[in-house]
Amino acid sequence: MSSTYGDNTVTTKTVERLRDGMARGVLSFPLTSFRADGSLDLDAFREYVAAQVATGPGAVFPACGTGEFFSLDEDEYRQVVTATVEESAGRLPVVAGIGYGWAQAARFARIAEEAGADALLVLPHYLVGGPQSGLVAQVERIAERTRLPLIVYQRDQVAFGVESLKAIAALPTVIGLKDGHSDLDRLQRLTLAAPDGFLFFNGAATAEMQARAYAAVGVPAYSSAVHAFAPEIAAAFHTALRDGDHTRADRLLRDFYVPFVEIRDRVPGYGVSLVKAAARLRGRPVGPVRAPLADPGPADLADLERVLAAGLDLVPPTPTGAAR
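So, how was this worked out
Residues numbered from 1 in each chain as written. Predicted model: local features only at pLDDT ≥ 70, side-chain atom pairs only at ≥ 80, totals over all residues. Heavy atoms only, no water. Helix = DSSP H or I, 4+ residues; strand = E, 2+ residues; numbered from the N terminus. Polar contact = N/O pair within 3.5 Å; in protein donor to acceptor, adjacent residues only side chain to side chain. Axes fitted to C-alpha atoms, helices over the stretch in contact; angles between N-to-C directions. Parallel < 35°, antiparallel > 145°, perpendicular 65-115°, else oblique. Left-handed = near helix turned anticlockwise from the far one by under 90°. Contact = heavy atoms within 4.5 Å. Nonpolar A, V, L, I, M, F, W, Y, C, P; charged D, E, K, R; others polar. Salt bridge = Lys/Arg side-chain N within 4 Å of Asp/Glu carboxyl O. Buried < 20%, exposed > 50% of the residue type's maximum accessible area, 1.4 Å probe, protein only. Pairing = 2+ DSSP bridges. pLDDT = per-residue confidence, 0-100. Right-handed = clockwise from strand over helix to strand, strands pointing away. Arc of directions from axis to C-beta.

Looking at where Arg284 falls in the secondary structure, it is placed in the loop between helix H11 (270-281) and helix H12 (298-312). Separated by 2.9 Å, the side chain of Arg284 and the backbone oxygen of Arg282 make a polar contact.

Here it is in structure tokens:
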């Protein structure tokens with residue numbers, strides 16, 4: 001383990017648990033359950049998270065992008081993170097999303113820490129861009145205000161250069177970077193510049209589409225939106241990739257992932273709302289999305305149902321009584 005983490009045994013233990021989990025399986029980003037009127041349905045969320053945890057992901061990341069962090073108030077956020085910690089019961093790391101400007105992110109960080117989260121995913125800050133010095137300062141301000149380990153998510157207006165990555169990686173509790181840019185030249189430079197033990201994972205939309213390319217630059221771990229509604233498909237692809245079964249991986253990509261992405265790309269926000277619609281098709285108690293997202297219309301739902309059925313035909317049936 002690199003000395004970057006010093007004597008912080010909490011941080012070191014979290015890094016080790018996350019590394020083990022990332023090597024074992026995909027990372028789960030659970031959806032947040034809402035009722036038809038848009039209110040939080042905590043009982044349904046608990047049921048859903050319990051089913052996600054039972055499938056054995058490497059870690060669970062509540063209240064992040066897929067979980068509609070941006071639409072949760074602080075009380076709802078507390079309930080979501082607390083429920084995830086309780087349903088996980090220490091079996092795998094819980095990494096809660098935080099975001100907006102550093103001051104608001106620090107408020108969410110305190111809530112997550114009180115709720116028992118193991119680490120935090122720092123989502124891209126709100127609205128504005130900033131120079132590299134500002135991106136570093138944003139992370140520094142958050143790190144000063146929480147003892148929890150931080151994974152920083154770069155996408156949209158957040159993109160770290162090599163020197164900026166070195167600066168945030170030198171902070172004792174910054175343990176990793178999630179990449180959503182898919183700029184593999186830049187990412188390779190970052191992985192080479194990072195200290196030993198620093199965590200990287202693929203956070204591209206429908207990450208399986210680029211999983212092999214990310215693995216080629218030393219980033220094999222990835223988050224899986226598909227796991228939120230079809231963990232058996234996500235597990236089949238992960239196993240094929242791990243085992244070097246490119247024929248099976250190609251078939252899953254060709255017959256399920258590519259058609260799914262083609263529907264996802266039709267409408268802004270489908271990266272979340274299409275995933276939630278697919279979960280409802282599987283009988284998951286997740287409810288609708290909150291505005292400004294919009295649930296898919298009948299034509300897109302029909303296409304989604306067809307693509308989902310094709311994907312499920314490619315994997316073994318789920319045993320009776322097992323978490324689906």
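Two numbers describe how helix H6 (residues 162-169) lies on helix H7 (residues 184-193): the axes approach to 9 Å, and their chain directions differ by 40°. Taken as axis vectors, H6 and H7 run oblique relative to one another. In this structure, H6 meets H7 at a crossing whose hand is right-handed. Side by side, H6 and H7 meet where Val162, Leu165 and Lys166 of the first sit next to Arg189, Leu190 and Ala193 of the second. For the contact of H6 with H7, the per-class residue count stands at four nonpolar, no polar and two charged.

Looking now at the pattern of salt bridges. Counted by the stated rule, this structure contains 23 salt bridges. The salt bridge partner of Glu163 is Lys166, with a shortest N-O separation of 3.6 Å. One end of the pair is Glu163 and the other is Lys166, both in helix H6 and three residues apart, which spans about a single turn. Residue Lys166 is classed as partly exposed on the basis of its relative accessible area, which comes to 39%. Several salt bridges share partner residues, and in doing so they unite Arg266, Asp300, Asp303 and Arg306 into one network.

Turning our attention to the sheet that holds strand E2 (residues 59-60). Ordered by their spatial adjacency, three strands build an open sheet running E2-E1-E8, and the pairing between neighbours is parallel. In this open sheet, the two strands that pair with only one neighbour each are E2 and strand E8 (223-224). Here strand E1 (residues 27-28) pairs with E8 via two bridges, running parallel. Bridge pairing links Leu27 to Ser223 in E8.

Confidence along the chain averages 94 in pLDDT terms, with 95% of residues attaining 70 or more. Between residues 1-7, whose pLDDT stays under 50, and residues either more than four places distant or in other chains, the model counts 19 contacts. Long-range and interchain partners of residues 320-324, a stretch whose pLDDT sits below 50, account for nine contacts in this model, where long-range means more than four residues apart.

Further remarks concern the pairing of strand E4 (residues 119-122). Residue alternation in E4 divides its side chains into two sets, Ala119 and Leu121 and Leu120 and Val122, and both sets are buried. Pairing analysis gives four bridges linking strand E3 (residues 95-98) to E4, with the strands arranged parallel. Across the sheet, residue Val95 finds its bridge partner in E4, namely Ala119. Between the parallel pair E3 and E4, the chain is carried across by helix H4 (residues 102-115), and the sense of this crossover is right-handed. In terms of strand pairing, E4 meets strand E5 (residues 150-154) through three bridges, oriented parallel. Residue pairing across strands places Leu121 opposite Ile151, the latter belonging to E5. Tracing the backbone out of E4, into helix H5 (residues 132-143) and back to the parallel element E5 gives a crossover that is right-handed.

Moving on, we come to H6. When H6 is considered as a whole, its buried residues turn out to be Ser164, Leu165, Ile168 and Ala169. For H6, the angular spread of the buried residues around the axis is 130°, confining them to a single face. Of the surrounding elements, those touching the buried residues of H6 are H5, E5, strand E6 (174-179) and H7.

So, on to the packing of helix H10 (residues 246-264) against H12. With their axes 9 Å apart at the nearest point, H10 and H12 run at an angle of 165° to one another. Taken together, the axes of H10 and H12 lie roughly antiparallel to each other. The way H10 lies across H12 gives a crossing that is left-handed. From H10, Asp255, Phe256, Pro259, Phe260 and Ile263 reach across to H12, where they touch Asp300, Asp303, Leu304, Val307, Leu308, Ala310 and Gly311. In terms of residue class, the contact of H10 with H12 is made up of eight nonpolar, one polar and three charged.

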